[in-house]
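Structural characterization, general
What follows is the residue order along each chain.
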Amino acid sequence: MNFLLESKSLEELETIAEYEYFNRPLLFSCHNSAGEIFLATWVKESDDFELYYCISVSKKKLDAIEKGEISVHDAFLQVEKGIYYEVEVPFEDEKDRIQEVSVTKINKSCLPSPSLYLAPPSKIYYPTLIK
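Residues numbered from 1 in each chain as written. Predicted model: local features only at pLDDT ≥ 70, side-chain atom pairs only at ≥ 80, totals over all residues. Heavy atoms only, no water.

**A few points about the overall build of the protein chain**
- A tally of helices and strands in the protein chain yields 3 helices and 8 strands.
- Counting helices and strands in the order they occur from the N terminus, the protein chain gives α-β-β-β-β-α-α-β-β-β-β.
- Relative to its full complement of 131 residues, the protein chain shows a buried share of 46%.
- Sequence separation of 24 or more characterises 49% of the internal contacts of the protein chain that already satisfy a separation of 6 or more.
- Of the roughly 7,500 Å² of accessible surface on the protein chain, 50% is carried by carbon and sulfur atoms. (Helix = DSSP H or I, 4+ residues; strand = E, 2+ residues; numbered from the N terminus. Buried < 20%, exposed > 50% of the residue type's maximum accessible area, 1.4 Å probe, protein only. Contact = heavy atoms within 4.5 Å. Areas by Shrake-Rupley, 256 points an atom, 1.4 Å probe, with all protein chains shown as cover.)

Listed below in structure tokens is the structure:
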């Protein structure tokens, strides 16, 4: 099931963990009501919206990312379904604009650094970043 057809909005997804935050979530995992899991990264901000890249991930793959076995960069390039989602979150009260795109067209310069790995979850609230 495609979460985008179900929810039409990132805001309707429940956050699992925020891995990086600065005035907004920059890198986080979330799931929909059907239990499908996603990894999302903030890409940029324009005058009208914020852009995120999102990928669907299995629980097993998310665990591997969180344990630092797979870099965040590689997780976005090695998506299980061969597609990622470009999600524009408007600043006005409009629905998110969501586009399904082949991973071969992803702008690699917008992804987290290839050297970014997540460490196991900290004892406080969120996993910490190691570079």
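After that view of the structure, there is still more to cover.
**Brief notes about the packing of aromatic side chains**
- Scanning the model with the defined rule gives 2 aromatic pairs in all.
- When the centroid spacing of 6.0 Å and the interplanar angle of 75 degrees are considered together, the rings of F28 and Y52 count as edge-to-face. Here F28, found in strand β2 (residues 25-31), pairs with Y52, found in strand β4 (residues 49-57); they are 24 residues apart in sequence, far enough to count as distant. Of the two residues, F28 and Y52, both sit in the buried class.
- Centroid distance Y53 to Y84: 4.9 Å. Interplanar angle 65 degrees. Geometry classified as edge-to-face. Taken together, the positions of Y53 in strand β4 and Y84 in strand β5 (residues 83-90) put the pair 31 residues apart, joining distant regions of the chain. Like Y84, Y53 is buried. (Phe/Tyr/Trp six-rings, centres within 6.5 Å; stacked < 30°, edge-to-face > 60°.)

**Considerations on the pairing of β2**
- With 5 of its 7 residues buried, β2 lies for the most part within the structure.
- The hairpin turn running from strand β1 (residues 14-21) into β2, its antiparallel successor, is 3 residues long, and N23 in that turn takes a positive phi close to 65 degrees.
- Pairing between β2 and strand β3 (residues 37-45): 5 bridges, direction antiparallel. In the sheet register, F28 faces β3, and the bridge partner there is A40.
- With antiparallel pairing between neighbouring strands as the criterion, β2 and β3 make up a hairpin whose turn holds 5 residues, including G35 at a positive phi of roughly 90 degrees. (Pairing = 2+ DSSP bridges.)

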